[in-house]
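# Descriptive structure summary
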Amino acid sequence: MTLELGITLLILVSILALGLLVYFNNKNSSTNRWFAATTFMMTVWMASNFLENYLSSFNLASFFLRLDFASAAILVCFWIFFCLNFPQPENFLSIKKKFVFILSAIFFAILSFSDLIIKNINIDNRISFDVGILFALYAFFIVINIFGGYGYLIWKYRKYNSIEIQRTQILYVLLGFLIFGSVATVTNLFLQSMLPVALFRMGIYSAIFVAGFTAYAIVKKKLFGIKVVLTALLVVVIASLLMVDTLLLTKNLSLQIFKGVGVVLFMIFGYALIKSVIKEIEQKEKMRGMAIEIDKAYRVEKKANEELTELDKVKNQFLMQTQHDLRSPLGVIRGYCDLLISGTMGKQSAKTIDVLQRIQMVAEDKIRDVNNFLDVAQFRLGKGVVSLKPGVGLVALINEVINAEKLKARQNSIYLKFETAESEVLISADREKLKASIFNIVDNAIKYTKSGGVSVGLQPDIHNRKNVLITIKDTGIGIPKDKLATMFEGQFMRTAQAQKTAEGKGIGLYLSGQIIKMHNGKVWVESEGEGKGSAFYIELPL
Amino acid sequence: MKNKILIVEDDKDFVLILKTKFESEGFAVTTAPNGQEGIACVQKEIPDIVLTDVLMTGMDGVEMAKKIREYDKNVPIVFLTNLKNTEHTAQVEESADFEYLIKSDISISDIVKRIKEKLSLK
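Residue numbering note: each chain is counted from 1, following its sequence as written. To label them, take the chains in the order written and letter them from A, then take the ligands in the order written and number them from 1. Totals for whole chains, interfaces and linings use every residue, but because this is a predicted model, local features are given only for residues with pLDDT of at least 70 and side-chain atom pairs only at 80 or more, for both listing and counting.

### Description of the sheet that holds strand β3 (residues 49-52) of chain B
All names here are of chain B. In spatial order, the strands read β2-β1-β3-β4-β5; together these 5 strands make up an open sheet with parallel pairing. The open sheet has two free edges, formed respectively by β2 (27-32) and β5 (98-102), since each of these has just one partner strand. Direction aside, the axes of adjacent strands within the sheet are offset by 20° on average. Paired strands are those between which DSSP finds at least two bridges. Comment: elements are numbered from the N terminus, with helices defined as DSSP H or I runs of at least four residues and strands as E runs of at least two. Relative to β3, strand β1 (residues 3-8) runs parallel, the two sharing 4 bridges. Bridged to valine 8 within β3 is threonine 52. Axis lines are fitted through C-alpha atoms, for helices just across the contact stretch, and the angle between N-to-C directions can take any value from 0 to 180 degrees.

### Here we look at the confidence of the model for chain B
All names here are of chain B. Note: pLDDT gives the predictor's confidence per residue, expressed from 0 to 100. With 84% of its residues at a pLDDT of at least 70, chain B reaches an overall mean of 82. Mean pLDDT across the secondary structure elements of chain B bottoms out at helix α4 (residues 86-93), with 55, and peaks at β2, with 93. Here the complex is predicted with pTM 0.46, and the ipTM for its interfaces comes to 0.82.

### Things to note about the sheet that holds strand β8 (residues 522-527) of chain A
The pairing of strands in a sheet comes from backbone hydrogen bonds and takes either a parallel or an antiparallel form. Residue and element names in this part refer to chain A. Pairing is mixed across the open sheet formed by 5 strands, whose spatial order is β4-β6-β7-β9-β8. One side of each edge strand has no neighbouring strand; the edge strands of this open sheet are β4 (415-420) and β8. Adjacent strand axes in the sheet meet at a mean angle of 15° when their direction is disregarded. Taken together, the 6 bridges between β8 and strand β9 (residues 534-541) define a ladder with antiparallel strand orientation. Within β9, the residue paired with lysine 522 across the bridge is glutamate 539. Placing a C-beta atom from the backbone of each residue, one calls two residues in contact when those atoms lie within 7 Å. Sheet contacts for helix α13 (residues 394-411): β4, β6 (453-460) and β7 (467-474); angle to β4, the most-contacted strand, approximately 165°.

And the structure:
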């Protein structure tokens, strides 16, 4: 019996001390307050639980048995409030719900002193009783709250990021209460009358897990921020003991002086120890803060990457859809003109055909504008739009461009000719893109030539046949010297300064420059000045 | 004996243009607005050549062509599209006896010319 009393007292005092330590460390924190309240109710419950079997007076024993039941109801109530406030206070329940909850706990606590929950108490051999009509309801209230608290803490545990310290804090506190609550429920609520007293005490003893795990979390995981307090407390207690020994128990003066020096040294050492603990905590806090920052940054970047990939998909779909929607109607206009011009719908007058050809030309120009625009969009969006394939015939390609532009030249009353000594020159190219880029330059030359004409030439490098040079010479308005360098920059690419000096040439030439660059070629323009025509050069590797 | 051509295209105007042109050139023309109906027409009409759009609501042209190839290895299939997507082009070019024409780069008369060339090679 003395051993049991000793163990119970030890656990009781340590739980009470733990609660007080936590409470006085930060009276303003609701987390600390509810922890202290819960541990206090634990000690009340443990004391009454112990005393109901320890005392031989019937009146006292039955009082403590009823207090045991009453305190358990209040204890689970405090436990739930602790869970709601740990590790940070949260408004999980509305004030109204909290009020109803407290009322029901008080209701069960008061009923514990009636015969509705327990009755016919007997202490002949050991304390025993019969269950009252509301016992089942009481048991349900206790169990649902204990396990509800576990569930809520587990839910919070999962919510925290794995490197956040709160997660570990929850884990330790949860473990302590999980062992205590489960053991106490089984032994003291359900098997109360069946177990021998020694086993029955397991419920009280298991409270040591709460103290143990919480203390561990306090020291190792900085729970309630009282590692420093624990250290300081230890230092002060030892220092006090040493002082009592020195001042009261030591009679010899020289020994007193000797011990006094020891006490001072210990206090200096203790001070250094406390300081080092503070420093260590600060360091760890800083490191943890950094780790969380890094983790956050990583998450942000990961999310941004995912969003970018998604955006890229949307962008591609958008480009595809735009291509389709813009080109389709233009193709239809051109197609109908084709039918009418070729006489499929009956013979047309020369005047009608002339008009149809003009409509068709506008549609074709627009189709090319759309193509250029979309190609530029793709270039600007960083999508590879050029795929080089060997065996592309340049003579045939240029002839196609000339044929397509012949009509426009004729309508402008200028000549357009292609002269070359070569029968065919094969290079690696993206045929459609290269054709579009040469077309843009020829089209540009025709546009700015009012009289005379445009002549296109093609000749391989005479010396080593490493390159082939395409020339597009016109007798048009020419280009001022200061603008030659910026001819192949899209207006949208120019700096504000350059925009003042160069007039916009649209996106056609810019795109031509980009495509030729992607063929590992060079493009440049020469002009003697305004009114003296210009010559465009495209150099492509053979 | 007229050459039979199947035109699979969801743009009604373009269908009308192609149908008129090919009929005036002496072809027997069947049309279908999407891949599913295109396959049905291939089985029913047994055309000499198939001219198909790529992007269509319902089954697209590439998928339809693959399905047709499962039981007909010979009928030439010509793609006619607005798409200038290099990835897409590559996908079609990998498989034999497919040809790929871009609507904006070719006139209606040229389409007829290419189809005739393709048929005379047979």
